[in-house]
Amino acid sequence: MRYHNPSGLSKPNGYTHAVEAGGGRTLYVSGQVSLDASGKVVGAGDFEAQTRQVFENVKAALAAAGASLAQVVKITVFVTDLSGVAAFRKLRNEYFPKDPPASSLVKVAGLVLPELLIEIEAIAVF
């Protein structure tokens, strides 16, 4: 993969403007929310706890197909409140310490359950 941050664009904060992926398999991970294996909400009311659980769920979905976070080329993040963006960025940088994926963040009115604060979709090429 090649990571591109053109000089004509603003300096990205924890993401890459464009990720070029070569051949291989492409894995699309459905939106993951802060549910544990039994379907219970983890971290109700706690954006950072929910974000951590969501990243762990993304990792588990990737691992099931033989992929890892290092092979993620794009994430799309849905949040119900933008006040958690700094916490999200901190955790994103922990989970993607090198060559972060392309990333979009969208504020939404709500997610599938009212307790949920964040949802993340991912695309990996491996």
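For the structure itself, look to the data block above.
Residues numbered from 1 in each chain as written. Predicted model: local features only at pLDDT ≥ 70, side-chain atom pairs only at ≥ 80, totals over all residues. Heavy atoms only, no water.

**Describing the pattern of salt bridges**
Phase 1 of the analysis: Applying the stated criterion across every chain yields a total of 5 salt bridges.
Phase 2 of the analysis: Across the pair Arg52 and Glu94 runs a salt bridge whose closest N-O atoms are separated by 3.4 Å. One end of the pair, Arg52, is in helix α1 (residues 47–64); the other, Glu94, is in helix α2 (residues 85–95), and 42 residues separate them in sequence.
Phase 3 of the analysis: A salt bridge links Asp99 to Lys98; the shortest N-O distance between them is 3.9 Å.
Phase 4 of the analysis: By relative accessible area, Asp99 is classed as partly exposed at 35%.
Phase 5 of the analysis: On the basis of relative accessibility, which here comes to 65%, the residue Lys98 falls in the exposed class. (Salt bridge = Lys/Arg side-chain N within 4 Å of Asp/Glu carboxyl O. Helix = DSSP H or I, 4+ residues; strand = E, 2+ residues; numbered from the N terminus. Buried < 20%, exposed > 50% of the residue type's maximum accessible area, 1.4 Å probe, protein only.)

**Observations concerning the nonpolar core**
Phase 1 of the analysis: Judged by nonpolar contacts, the single largest core of 23 residues is most densely connected at Leu62, Val72, Ile75, Phe88, Ile118 and Ile120.
Phase 2 of the analysis: A per-element tally of this core places α1 first, with 5 residues.
Phase 3 of the analysis: In this structure Ile118 touches Gln32, Val33, Phe47, Gln50, Thr51, Val54, Val77, Phe78, Val79, Phe88 and Leu111, once residues within four positions along its chain are discounted.
Phase 4 of the analysis: In this structure, Phe78, Val108, Leu111 and Leu116 belong to the second largest nonpolar core, which totals 5 residues. (Core = buried A, V, L, I, M, F, W, Y, C linked by side-chain atoms within 4.5 Å. Contact = heavy atoms within 4.5 Å.)

**A few points about the pairing of strand β6 (residues 118–125)**
Regular strands place side chains that alternate from one sheet face to the opposite one.
Phase 1 of the analysis: Counted residue by residue, β6 has 6 buried out of 8 residues, so it is predominantly covered.
Phase 2 of the analysis: Alignment of strand β3 (residues 26–32) against β6, held across 5 bridges, turns out to be antiparallel. When the bridges of β6 are listed, Tyr28 appears paired with Ile123.
Phase 3 of the analysis: As judged from the 7 bridges shared by strand β4 (residues 72–79) and β6, these two strands associate in the antiparallel manner. Looking at the pairing, Lys74 lines up with Ile123 of β6. (Pairing = 2+ DSSP bridges.)

**Focus on α1**
Phase 1 of the analysis: Between its first and last C-alpha atoms α1 spans 26 Å; for 18 residues at 1.5 Å apiece the expected length is 26 Å, and the two agree.
Phase 2 of the analysis: Every buried residue of α1 is listed here: Phe47, Gln50, Thr51, Gln53, Val54, Phe55, Asn57, Val58 and Leu62.
Phase 3 of the analysis: At its buried positions, α1 is contacted by β3, β4, α2 and β6.
Phase 4 of the analysis: Structurally, the start of α1 carries an N-cap: the backbone nitrogen of Glu48 is 3.2 Å from a side-chain oxygen of Asp46.
Phase 5 of the analysis: Positive phi shows up at Gly66, right after α1, with a value of about 85 degrees. (Expected span 1.5 Å × (residues − 1). Polar contact = N/O pair within 3.5 Å; in protein donor to acceptor, adjacent residues only side chain to side chain.)

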